[in-house]
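Now for the letters of each chain:
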Amino acid sequence: MATSSTKKWWKNAIVYQIYPRSFCDSNGDGIGDIPGIISKLHYLKDLGVDVIWLSPVYPSPGYDNGYDISDYKDINPEFGTMEDMERLISRAKRLGIKIIMDLVINHTSDEHEWFKKALAGDKKYKNYYYFRPGNGKKSPNNWGSFFGEKAWTKTDSGEYYLHLFSKKQPDLNWHNPEVYDEITDIMRFWLDKGVAGFRCDVINVIYKDSLEDGKKHFALTGKEHYLNTEGCHELLKRFNEDVWSKYKTFIVGETVMVTPEDAKLLSDENRKELDAVFFFEHMDVDSRGGIKWFKKKYKPYKLIRILDKWQNALENPANYLENHDQVRSVNHFGNTGRYWEKSAKLLCGLNLCLRGIPFIYEGEEIGMTNGDFRGLKELKDIESYNINQAMRRLLIINAIRRKLILQTTRDNARTPVQWDASEQAGFTEGIPWLKVNENKSFINVEAENQDPDSILNFYKKMIEFRKSSSAITEGSYRRVASPSDVYLFTRESDEERLYIYCNLTAFNKPVEFYGDRIIFGNYDPTDRDNFVLKPYEFRIVASNI
Ligand code: NOJ
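Residues numbered from 1 in each chain as written. Predicted model: local features only at pLDDT ≥ 70, side-chain atom pairs only at ≥ 80, totals over all residues. Heavy atoms only, no water.

Colleague: Quick question: what am I supposed to make of the overall build of the chain here?
Modeller: Check the secondary structure of the chain and you find 16 helices and 20 strands. Seen along its three principal axes, the alpha-carbon backbone of the chain occupies a region of about 75 × 50 × 50 Å. Long-range pairs, those at least 24 residues apart, make up 69% of the contacts in the chain between residues at least 6 apart in sequence. For the chain, the accessible surface area stands at approximately 21,500 Å², while carbon and sulfur atoms represent 49% of it. With 77 positive and 80 negative side-chain charges, the chain shows a spacing of 4 Å between the two charge centroids. (Helix = DSSP H or I, 4+ residues; strand = E, 2+ residues; numbered from the N terminus. Contact = heavy atoms within 4.5 Å. Areas by Shrake-Rupley, 256 points an atom, 1.4 Å probe, with all protein chains shown as cover. Lys, Arg positive; Asp, Glu negative; His and termini not counted. Charge placed at Lys NZ, Arg CZ, Asp CG, Glu CD.)

This is the structure:
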């Protein structure tokens, strides 16, 4: 596999995702905010973070926690003011941390001025969206939305509008050049304020080829008309040429349902579209038929096969094991019982040793686990709400709905960050918008800061190690044969060759010992056997070359 070519500033960056609502609340209203983030910048610096990806902070009615934007050029008062945002950008800059913002341009909120004017009959703004007459008594086509409902909603005037997400999120019409001008203007607005790039929400679905009926699927009927279309590639090239290239940005796309071939086209350096993409195949390793609500047993060897495939496919893979839409990685791929700590450290080592750009999600660095919700009533997520309704329509009984939704709900990763062991985990002085996990008593930043062997301190050391290693930041990647469920690969530069061992199981695994000396790991050196990996053991072995 080729090593990285032309050097861009973000190539060796460690990116940390902040979900502002759940990060840190400074004013006691139970909702995280920008001053709260500012108060934790030194914590992030100390951890080794170079870039913050900030999930949406724009004004929004909040039906999808900010992924429904009602004004792209302002700040949601729940999170602070524009002055707060400017202060965040400049304080972070002083610490050498850049900020990338979430850019949600497949849809706006239905409470955006554009949509309100469109609903009032303004022709100009109607053409910002997809309004269509019904097909007899039915919707204009048979498409389904990502949140399990129909993709069309009828307005009072009898027309329908398209929304690939909730009905509170009408899709923008990217065939309209005025939409292009508006959105590129918004990008410049933020880049001029000093943000370093964007994480582009569901970017590979923005351009609809046609609005014809789709081939019938259990979920997402219609997708062949909007996934990775030529029109989308063209738009990305134009964004790049007209805006991004002028600011030396870092642009990472959230690209749903992509294959390695699709992803290559979207992020190939020579094509000048996106810098990197998030793929999802590893997230779906335990979903039945790609539907995350229906789980099958997680098999580590499948995860290894998928990660290896993507390591070989992409120039700059965006590596992540969790985010605000997924369950926590220790629940997904690790162990929340006896091996909680070992497995969290293993996942840290894995994520940080792969080729590409590592993304850490808030709380991952202390081993936060899924929410401990007692029932569906405690959930706040619109997706969980809609899926519950859809399952009801399918006559799925309450106990089963409860089980399926609680194990997969996005709220699992959205519980407040656990800063200390106090009642609300130091997140807020008020009532948190989403329940704090009881395990804050021992999973929290304060306690882990004091313990040299904590997950948090392991992250710090691993990040420092990564930054000092040319093999990890720039080297090639090659998988090495190993027992099933053990991920073994090399990272190699001109100066060093490293063997990375990851035992993804709760059992001992006999292995070959390659290389010369173990230089990093999650087990005590006196408690190690070169030829046996202990449960969830992670180790880096250096080899003289
Ligand atoms: C992907 C975002 O990550 C998710 O949180 C959101 O619900 C959808 N896109 C719609 O914007």
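Colleague: I tried to follow helix H13 (residues 398–408) on my own but got confused; where do I start?
Modeller: Given 3.6 residues per turn, any residue in an α-helix points the same way as the ones three and four places further on. By the burial criterion, the buried members of H13 are Arg401, Leu404, Ile405, Leu406 and Thr408. Packing partners of the buried residues in H13 comprise strand S11 (291–295) and helix H12 (382–393). (Buried < 20%, exposed > 50% of the residue type's maximum accessible area, 1.4 Å probe, protein only.)

Colleague: Just checking my understanding: could you explain the side chain of asparagine 437 for this structure?
Modeller: Structurally, asparagine 437 is set in the loop between H13 and helix H14 (445–450). From its side chain, asparagine 437 meets the backbone oxygen of asparagine 370 in a polar contact 2.8 Å long. The residues contacting asparagine 437, other than those within four sequence positions of it, are Thr369, Asn370, Gly371, Asp372 and Gln418. (Polar contact = N/O pair within 3.5 Å; in protein donor to acceptor, adjacent residues only side chain to side chain.)

Colleague: So what exactly am I meant to see when it comes to the sheet that holds strand S9 (residues 276–278) here?
Modeller: Sheets are built from strands paired through backbone hydrogen bonds, the pairs being either parallel or antiparallel. Within the open sheet, the eight strands sit side by side as S9-S8-S7-S3-S2-S1-S13-S12. Their pairing is parallel. Each having just a single partner strand, S9 and strand S12 (318–319) make up the two edges of the open sheet. Along the sheet, helix H6 (residues 177–192) contacts strand S3 (98–103) and strand S7 (197–200); its crossing angle with S7, the most-contacted strand, is approximately 135 degrees. (Pairing = 2+ DSSP bridges. Axes fitted to C-alpha atoms, helices over the stretch in contact; angles between N-to-C directions.)

Colleague: What exactly am I supposed to notice about the pattern of salt bridges here?
Modeller: Pairs may arise between side chains of opposite charge once their charged atoms sit close together. Enumeration over the complete set of coordinates arrives at 34 salt bridges. Salt-bridge contacts for aspartate 64 lead to arginine 410; the nearest nitrogen and oxygen are separated by 3.0 Å. Taken as a pair, aspartate 64 in the loop between strand S2 (51–54) and helix H3 (82–94) and arginine 410 in the loop between H13 and H14 lie far apart in primary sequence, 346 residues in all. Residue aspartate 64 shares its accessibility class with arginine 410, and that shared class is buried. A salt bridge links lysine 168 to glutamate 111, with the nearest nitrogen and oxygen atoms 3.1 Å apart. Of this pair, lysine 168 sits in the loop between strand S6 (160–162) and H6 while glutamate 111 sits in the loop between S3 and helix H4 (113–119), and the two are 57 residues apart along the sequence. Each of Asp64, Lys292, Asp325, Asp381, Glu383, Arg410 and Arg414 takes part in a single network of salt bridges with overlapping partners. (Salt bridge = Lys/Arg side-chain N within 4 Å of Asp/Glu carboxyl O.)

Colleague: Would you take a moment to explain the site of the ligand for this structure?
Modeller: Taken together, 13 residues are adjacent to the ligand, and Asp64, Asp201, His324, Asp325 and Arg410 come closest. Here an oxygen atom of the ligand sits 2.8 Å away from a polar atom, N or O, in the side chain of histidine 324. For the ligand, the protein covers 98% of the area, taking 300 Å² as the surface of the free molecule. In terms of residue class, the shell around the ligand is built from four nonpolar, two polar and seven charged. (Near = heavy atom within 4 Å. Nonpolar A, V, L, I, M, F, W, Y, C, P; charged D, E, K, R; others polar.)

Colleague: For this particular structure, what's the right way to read the pairing of S7?
Modeller: Here is the key point about a regular strand: its side chains alternate between the two faces of the sheet. The alternating pattern of S7 places Gly197 and Arg199 on one face and Phe198 and Cys200 on the opposite face, and all of these are buried. Note: S3 against S7, four bridges, orientation parallel. Bridge assignment links isoleucine 100 to a residue of S7, and that residue is glycine 197. When S7 meets strand S8 (residues 250–254), the two strands line up parallel, connected through four bridges. Within the sheet, the bridge partner assigned to phenylalanine 198 lies in S8 and is isoleucine 251.

Colleague: Sorry, what's going on with the packing of aromatic side chains here?
Modeller: Pairs of aromatic rings are described using the distance from one ring centre to the other and the angle between the two planes. Evaluated as defined, the whole model comprises 37 aromatic pairs. Ring geometry for phenylalanine 465 and phenylalanine 520: centres 5.3 Å apart, planes at 45 degrees, overall tilted. With phenylalanine 465 in helix H15 (residues 455–468) and phenylalanine 520 in strand S18 (residues 517–521), this residue pair connects regions lying 55 residues apart in the sequence. Each residue in the set Tyr58, Tyr72, Trp114, Tyr125, Tyr128, Phe189 and Trp190 is aromatic and connected to the rest through ring pairs, giving one cluster. If you follow lysine 126 out to its NZ or CZ, it ends over the ring of phenylalanine 131, 5.5 Å from the centre. (Phe/Tyr/Trp six-rings, centres within 6.5 Å; stacked < 30°, edge-to-face > 60°. Lys NZ or Arg CZ within 6 Å of the ring centre and 35° of its normal.)

Colleague: Hey, could you run me through empty space enclosed by the protein in this one?
Modeller: The probe, sized like a water molecule, is rolled over the atoms to show the empty space still left. A full pass over the atoms with the stated rule returns three cavities of 30 Å³ or more. Here the second largest cavity is characterised by a volume of approximately 50 Å³. Taken together, Glu322, Ser329, Val330, Ala344, Leu347, Glu364, Gly367, Met368 and Tyr459 make up the full set of residues lining the second largest cavity. Mapped by element, the contributors of at least two residues to the lining of the second largest cavity are helix H10 (329–333) and helix H11 (340–353). Classifying every residue of the lining of the second largest cavity gives five nonpolar, two polar and two charged. (1 Å grid on protein atoms, 1.4 Å probe; cavity = no way out; pocket = protein on both sides within 12 Å on 5 of 7 lines; lining within 4 Å. Points joined across faces, edges and corners; volume = space filled by probe spheres on them.)

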